Amino acid sequence: MSERPPRPSRPARSKLAKRKPQKTQPRTLMLTLGGAALLVVGGVVALFLLPDEKPAGPLPLGAKVVPRDVMLSVTLNTEASQWQKLAQFGTANTQKTLRQRLQAFETDVLEPNGLSYKANIQPWAANQLTMALLPPTVESVEVQSQQATIWVVPIRDQGQFEKLFQTKLTTARSAETRTYKETKVYEFDGDDGKRYGFTTLENRWLVFTEADAPINAVIDTHKGKPALADVPRYQDALKEIDSEEAIAKVYINVPIAAAQMSRAPLSPASRERIQTVQAIGSTLFLMDDGIQFKAISWLNPEAEEKLAVKNDAKDIAKHLPEDTLMMTSGGNFQQVWRDYAQGNLAKLVFPLNPKAWNDDLSKRTGIDFNKQFVNWMDGEFSGAIIPAQDKNNQGVGMVFLAKAKNRTNANQAFQSLDDAMRDRFDFLVAESKIENKTVTTWKVPPGLPIASHGWLDNDVAFFTLGAPIANRLLPSPKQNLTQAARFQGATTSDLDPNNGHFYMDVPRMLGLLETNPLLPKLTPETTKFMQGIETIGVTAAIHNEWSTRYDIHVKLKKGS
């Protein structure tokens, strides 16, 4: 091996700018569906990485050397039987993809260097390994234009490590060495054209990366810079969701991940708002019918605002029929709407701008949604997609349900909206009766119904759009969604009381996306992955003033 002169040390990694103080304002369900979606994505990342024993304690071993400003960290239980069991789920396509992903570390990293996991790593490695993604920084951009992957493998047997891995790798290739902060780093060019490096820290961790900038950052962390383990509230949050049965632990740095995910640069206000959220953590468990995620999001301790510990969602889903395709619910629409308007992370997942929505509605109809609607919607709410039951049994409609604290104000708002539709757009606005309940329907020439609204009981208003579905809500469904086995299986949780659910019947929703020209199309890869899923269910609850808990259940199809 040739000895390479040490490279000059780079400046310290940049830190996130400190957020400006904000007014104290209690909030309710933070990150509702947006946060849950991110958690599912984070979990899927874990499932598609790698596999052999048992995790040790709530804090991942690699968390002590992974830099604090990591974007994503996934710690995997290396018990092969668990991952082999997981690979039995899904369709033939998803099973094949998962097997390929489970073997990716072996085929892409180890085999090109004359190594195998079973022969050269398993004998000395601990029972878990950590993968982390570091975002590029000003200092590292020359060698790290995209997120850099770091693998941290705790060393259980130093003798076996030197015998089976270190000696073999350093002698099998023309590796160069350099010293960074008194730590020897081995580097070599891989068969894929990338430059790889590895080092050991205190004979306790093997660190492997594809560029020298991230490996320097890990060494800096080992020498005293803040680590993932030092993230405020990280250990306390992880205790709430940890279990020895977990097959993976996921950490998402929300401010950094949000900046990387956003399709457009975040506004200063949105960036400041998102930085009040410290992180999302999740643990994954293998169930008889799929994957269970226990997750938690938490606020930065420097955030002045606190969460309002209110879990008021109860029974809004009982108004929906059992064959509902998708639904989301919460305890207080008014609070969620205002949180969203202030820059909630959900904006990145579902890019709705409440101000733009309100301004556009006002311009077109003269209706101020915030003043005329939001003000009375301070209770439970639900949005859902349900199939219509016309003579051809075709079509779907969307419905929004909201409990009203003031029915008089709600009726006035709907009357104003009816008048605007009639006077400005020449809609036919007519009333009819279903089971002695008044339903107002909007029709366009030649009499095609496109929307309706009314009351399900004394305080639950409904508004539908699309295919006629008011008759699916009135009278009350004999078999409602809460009684459906698929819904119960997806949303069963010990988070009781809670602050809302999300539910999706995946096969039927995929069918709708494929056949409805007005709905967005998924990429072929996403569709192929989703075809292996039966249902997705999320239950959320405010845990305390600084954290929100989520239980996410992904029921998978049984493979042949």
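About the thresholds
- Along each chain, numbering runs from 1 in the same order as the chain's sequence is written.
- Only residues with pLDDT of at least 70 get local features here, since the model is predicted, and only at 80 or more are side-chain atom pairs given and counted; chain-wide, interface and lining totals rely on the full set of residues.
- Only hydrogens and water are removed before side-chain values are computed, so all heavy atoms of the structure are retained for them.
- Each helix is a run of H or I in the DSSP string that is no shorter than four residues. Each strand is a run of E no shorter than two, and both are numbered from the N terminus.
- Relative accessibility thresholds used throughout: buried, under 20% of the residue-type maximum; exposed, over 50%; partly exposed, between the two (1.4 Å probe, protein chains only).
- Accessible surface is estimated by sampling points in the Shrake-Rupley manner with a 1.4 Å probe; for residues, cover comes only from the protein chains shown.
- The term salt bridge refers to a pairing of a side-chain nitrogen on Lys or Arg with a carboxyl oxygen on Asp or Glu at a separation within 4 Å.
- Pairing of aromatic rings covers Phe, Tyr and Trp, the last counted by its six-membered ring, and requires centre-to-centre distances within 6.5 Å; plane angles under 30 degrees mean stacked, over 60 mean edge-to-face, and any other angle means tilted.
- We call a charge positioned over a ring when the NZ of a Lys or the CZ of an Arg lies within 6 Å of the ring centre and within 35 degrees of the ring normal.
- Two N or O atoms form a polar contact when they lie within 3.5 Å of each other; inside protein one atom must be a possible hydrogen donor and the other a possible acceptor, and for residues adjacent in sequence the pair counts only when both atoms belong to side chains.
- Here a residue-residue contact requires only that any non-hydrogen atoms of the pair lie within 4.5 Å.
- Working convention: axes come from line fits to C-alpha atoms, limited for helices to the stretch in contact. Angles between N-to-C directions cover 0 to 180 degrees.
- Roughly parallel here means an angle under 35 degrees, roughly antiparallel means over 145, roughly perpendicular means 65 to 115, and every remaining angle is called oblique.
- We define the nonpolar core as a collection of buried residues of types Ala, Val, Leu, Ile, Met, Phe, Trp, Tyr and Cys that are connected through side-chain atoms lying within 4.5 Å of one another.
- The directions from the helix axis to the C-beta atoms are what the arc is built from.
- Each residue carries a pLDDT score, the predictor's own confidence in it, on a scale running from 0 to 100.

Participant: Just checking my understanding: could you explain the overall build of the protein chain for this structure?
Facilitator: Along the protein chain, the regular secondary structure elements total 19 helices and 21 strands. The buried share of the protein chain, reckoned over its 560 residues, is 53%. Only carbon and sulfur atoms are counted for the fraction: they give 52% of the accessible area of the protein chain, which is about 25700 Å².

Participant: Explanation requested: the pattern of salt bridges in the structure shown.
Facilitator: In a structure, side chains of opposite charge can pair up when their charged atoms sit close to one another. For the coordinates displayed, the defined rule picks out 17 salt bridges. Here R204 and E202 are joined by a salt bridge, their closest N and O atoms 3.4 Å apart. The partly exposed category is assigned to R204, whose relative accessible area is 39%. With a closest N to O distance of 3.4 Å, D315 and K318 form a salt bridge.

Participant: Whenever I open this one, the packing of aromatic side chains confuses me. Can you help?
Facilitator: This model, assessed by the stated rule, comprises 20 aromatic pairs. Grouping aromatic residues by their ring pairs yields a cluster made of F333, W337, W357, F369, F373, W376, F381, F400 and F414. Directly above the aromatic system of W455 lies the positively charged group of R407, at a separation of 4.3 Å from the ring centroid.

Participant: What exactly am I supposed to notice about the environment of A404 here?
Facilitator: Looking at the element boundaries, A404 is found in the loop between β14 (396-403) and α15 (407-425). The exposure class assigned to A404 is buried, which follows from its relative accessible area of 13%. Residues A404 and N375, 29 residues apart in the sequence, show an inter-C-alpha distance of 9.2 Å.

Participant: Is there a simple way to think about the environment of E202 in this case?
Facilitator: Assignment of secondary structure puts E202 in the loop between β7 (195-201) and β8 (205-209). With 19 residues separating them in the primary sequence, E202 and T183 have C-alpha atoms 9.6 Å apart. Of note is the side chain of E202, whose polar atom sits 3.2 Å from the side chain of H222.

Participant: Would you mind going over the side chain of T199 with me for this structure?
Facilitator: In this fold, T199 is placed in strand β7. Judged by its relative accessible area of 1%, T199 falls in the buried class. Beyond its immediate sequence surroundings of up to four residues, T199 is in contact with T183, K184, V185, W205, L206, V207, I215 and I219.

Participant: Before we go on, may I ask you to explain the packing of helix α13 (residues 354-365) against α15 in this structure?
Facilitator: Each packed pair of helices is defined by two parameters, the angle between the axes and the distance between the axes. Here α13 crosses α15 at 55 degrees, and the two axes come no closer than 10 Å. Of the possible angle classes, the one that applies to α13 and α15 is oblique. When α13 is examined against α15, the residues K363, R364 and T365 are found in contact with a partner set consisting of A420, M421, R424 and F425.

Participant: Just checking my understanding: could you explain the side chain of T130 for this structure?
Facilitator: By the secondary structure assignment, T130 is in strand β3 (residues 128-134). A distance of 2.8 Å separates a polar atom in the side chain of T130 from a polar atom in the side chain of T75. Beyond its immediate chain neighbours, meaning those up to four positions away, T130 contacts P60, G62, V66, S73, V74, T75, I150, W151 and V152.

Participant: Please clarify how the nonpolar core should be interpreted in this entry.
Facilitator: If you look at soluble globular proteins, the nonpolar side chains tend to sit buried side by side. In terms of nonpolar packing, the biggest core is built from 62 residues, with I121, W124, F165 and L206 touching the most fellow members. Excluding residues within four positions of it along the chain, L206 makes contact with W124, W151, V152, V153, I155, F161, F165, F198, T199 and T200.

Participant: Would you explain helix α8 (residues 234-241) in this entry?
Facilitator: Quick reminder: α-helices carry 3.6 residues per turn. Residues three or four places apart thus point the same way. Where α8 is concerned, the buried positions are Y234, A237, L238 and I241. Burial along α8 is one-sided: seen end-on, the buried residues are contained in an arc of 100 degrees. Contacts from the buried residues of α8 go to β9 (248-253), β10 (277-287), β11 (290-299) and β21 (547-556).

Participant: In this structure, what is going on with helix α11 (residues 333-341)? I would like to understand it.
Facilitator: Extensive coverage of α11 is indicated by the burial of 7 of its 9 residues. Those residues of α11 that fall on the buried side of the exposure criterion are F333, Q334, Q335, V336, W337, D339 and Y340. Of the residues that open α11, the one with a side-chain oxygen 3.0 Å from the backbone nitrogen of Q334 is N332.

Participant: Help me out: how do you make sense of unusual backbone geometry in this one?
Facilitator: Residues apart from glycine generally show negative phi values, whereas peptide bonds are mostly found in trans. Of note, the bond from P445 into P446 is cis; its omega dihedral lies within 30 degrees of zero at 10 degrees. Considering the arrangement of structural elements, one finds P446 in the loop between β16 (437-444) and β17 (448-455). In this chain, L474 is followed by P475 through a cis amide linkage whose omega measures -10 degrees. With respect to the element layout, P475 can be found in the loop between α16 (470-473) and α17 (485-491). Of note in this structure, R233 is not a glycine but carries a positive phi near 70 degrees. Inspection of the secondary structure assignment puts R233 in the loop between α7 (212-222) and α8.

Participant: Help me understand the confidence of the model for the protein chain, please; the structure alone is not making it clear to me.
Facilitator: The predicted coordinates ought not to be read in detail in places where the model reports low pLDDT. When the pLDDT values of the protein chain are averaged, the result is 81; 78% of them are 70 or greater. Across residues 1-57, confidence stays below pLDDT 50; counting only partners more than four residues off in sequence or on other chains, it has 185 contacts.

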